[in-house]
Amino acid sequence: MELTQLEQFKAIAEHENISRAAEKLYMTQPALSFSLRKLEEELGVKLFDRTPNRLKLNAMGKKILASVNIIMQEVDTIIENTTMPWQKISALRFCSPATSSLRFFIPPFTEQFPEIRISSEYILPAELEQAILSRKFDIGISLSQPKQPDLSHIIFYEEHHYVTVPASHPLAQKKFLSFADLVNQHFVLMGTPGYWNDLNRSLIANGTLKIDAHFYYDYVLYLEILKSTNRLAFCTNITRKHTKCPEGYKDIPLKEKSMYATYYIVFRTDNAPVVEPFIEYIKKTGRSDQ
């Protein structure tokens, strides 16, 4: 006796008709009829009273059905208890004021969990906690620890900046650089919304970062321009973990404190089971500091 036979018997009992039960089970009528006959032979009893257009459970069939219902409930319980949490999740919604922080982490995560759909949106830092609390998003990537008591967090990663300098440039001889070293230097920068891009604009606007900057809004074009110019650029330790420094350039650490950041994964405490796949993935891959 097999579990599928019991499932098929249950369907016949519910529909009281071989044809309708077969349609429900995506089986042919002869195959289902054979399964029922085999089950009755194994049990040594008839389970239905047969008429030309209907099968009606007899007394023994009702007793067997009651037992089958209990068995099927136990099977459902076993499946529920052994199914991993990530197998029950269909989507994860991310938000961050630094959307590029997810660029190198989401693709390998989706390779491991292809059944989980991922979406991400840019959000202002001041709006992040309320967006998570209101369940508009499941996970926020924040540059500060949450203040709301219903939110939990872990460290995602720490990021700091380098200046990407042509090897022939006078600054290429330095081991470290500061904003003072960059005065009047020519840069190519990304202009799309994001924490670092927004910070660069702000520092340039208030005179803290005194550089000549050309902004680009297409990342592929930005990379192509960088290959064909002697202008400087910014990159980070995270970027360099996944991409090589352009040929003919070198990366020099920027020691300004404002160009260091710690990212936090923020989520509703009562939503922990939903975000667990990503949290566990980050911990196992060593990308979190915890």
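Further up the page is the structure itself.
For clarity, every value in this text was computed on a predicted model and none was experimentally measured. (Residues numbered from 1 in each chain as written. Predicted model: local features only at pLDDT ≥ 70, side-chain atom pairs only at ≥ 80, totals over all residues. Heavy atoms only, no water.)

1. Observations regarding the overall build of the protein
If you tally the helices and strands in the protein, you get 10 helices and 11 strands. For 290 residues, the compact-globule estimate of 2.2 N^0.38 gives 19 Å, and the C-alpha radius of gyration of the protein, at 31 Å, exceeds that figure by more than 25%. Dimensions of the protein along its principal axes, counting C-alpha atoms only, are 95 × 45 × 30 Å. Classification of the 290 residues of the protein by burial places 41% in the buried group. Considering only residue pairs separated by 6 or more positions, the protein has 74% of its internal contacts joining residues 24 or more positions apart. Looking at the protein as shown, the accessible area adds up to about 16,400 Å², and 53% of this sits on carbon and sulfur atoms. Charge separation in the protein, taken as the distance between the mean sites of 34 positive and 33 negative side-chain charges, equals 2 Å. (Helix = DSSP H or I, 4+ residues; strand = E, 2+ residues; numbered from the N terminus. Rg over C-alpha atoms; globule rule 2.2 N^0.38 Å. Buried < 20%, exposed > 50% of the residue type's maximum accessible area, 1.4 Å probe, protein only. Contact = heavy atoms within 4.5 Å. Areas by Shrake-Rupley, 256 points an atom, 1.4 Å probe, with all protein chains shown as cover. Lys, Arg positive; Asp, Glu negative; His and termini not counted. Charge placed at Lys NZ, Arg CZ, Asp CG, Glu CD.)

2. What to know about the side chain of asparagine 271
Relative to the helices and strands, asparagine 271 resides in the loop between strand E11 (260–268) and helix H10 (272–284). Given the relative accessible area of 10%, asparagine 271 is considered buried. Sequence-distant contacts of asparagine 271, that is, excluding residues within four places in its chain, are made with Arg135 and Asp138.

3. So, the nonpolar core
Phe156, Val163, Leu182, Ile265 and Phe278 are the most contacted members of the largest nonpolar core, which has 45 residues in total. Of all the secondary structure elements, the ones that give two or more residues to this core are strand E3 (91–96), helix H5 (106–112), strand E5 (139–142), strand E6 (151–166), strand E7 (186–190), helix H7 (195–205), E11 and H10. Listed in part, the 18 residues of the second largest apolar core include Ala22, Phe48, Leu55 and Leu65. (Core = buried A, V, L, I, M, F, W, Y, C linked by side-chain atoms within 4.5 Å.)

4. Some words on the environment of arginine 20
Relative to the helices and strands, arginine 20 is located in helix H2 (residues 18–24). According to the relative accessible area criterion, arginine 20 is partly exposed, its value standing at 46%. Spatially, the C-alpha atoms of arginine 20 and proline 52 are 14 Å apart, while their sequence positions differ by 32 residues.

5. Thoughts on helix H6 (residues 125–133)
If you check which residues of H6 are buried, you get Leu128, Glu129, Ala131, Ile132 and Leu133. In the core, the buried residues of H6 are packed alongside E3, E5, E6 and E11. In the stretch just after H6, arginine 135 is the one whose phi turns positive, near 70°.

6. Concerning unusual backbone geometry
The phi dihedral of glutamate 16 is positive, around 55°, even though this residue is not glycine. We note that arginine 135 has phi near 70°; this positive angle belongs to a residue other than glycine.

7. Observations regarding the packing of aromatic side chains
What characterises a pair of aromatic rings is the spacing of the ring centres plus the angle enclosed by the ring planes. Tallying each qualifying case throughout the model produces 13 aromatic pairs. Each ring, one from phenylalanine 109 and one from phenylalanine 278, has its centre 5.4 Å from the other, and the planes form 80°; the classification is edge-to-face. Residue phenylalanine 109 is found in helix H5, and its partner phenylalanine 278 is found in helix H10; the two are separated by 169 residues along the sequence. Summarising the burial analysis for this pair, phenylalanine 109 and phenylalanine 278 share the class buried. One aromatic cluster in this structure is built from Phe94, Phe105, Phe109, Phe113, Phe156, Tyr157, Tyr263, Phe278 and Tyr281. Seen from the ring of phenylalanine 215, arginine 201 lies directly overhead, with NZ or CZ sitting 4.0 Å from the centre. (Phe/Tyr/Trp six-rings, centres within 6.5 Å; stacked < 30°, edge-to-face > 60°. Lys NZ or Arg CZ within 6 Å of the ring centre and 35° of its normal.)

8. What about the side chain of glutamine 185?
Within the secondary structure layout, glutamine 185 lies in the loop between E6 and E7. In this structure glutamine 185 touches His169, Leu171, Lys210, Ile211, Asp212 and Leu232, once residues within four positions along its chain are discounted.

9. Considerations on the pattern of salt bridges
Tallying each qualifying case throughout the model produces 10 salt bridges. Among the salt bridges present, the one from aspartate 251 reaches arginine 240, with a minimum N-O distance of 2.5 Å. On the criterion of sequence distance, the pair formed by aspartate 251 in strand E10 (residues 249–253) and arginine 240 in helix H9 (residues 237–242) is long-range, its members being 11 residues apart. A relative accessible area of 21% means that arginine 240 is categorised as partly exposed. It is possible to trace a salt-bridge network through shared partners that takes in Glu40, Lys46 and Arg50. (Salt bridge = Lys/Arg side-chain N within 4 Å of Asp/Glu carboxyl O.)

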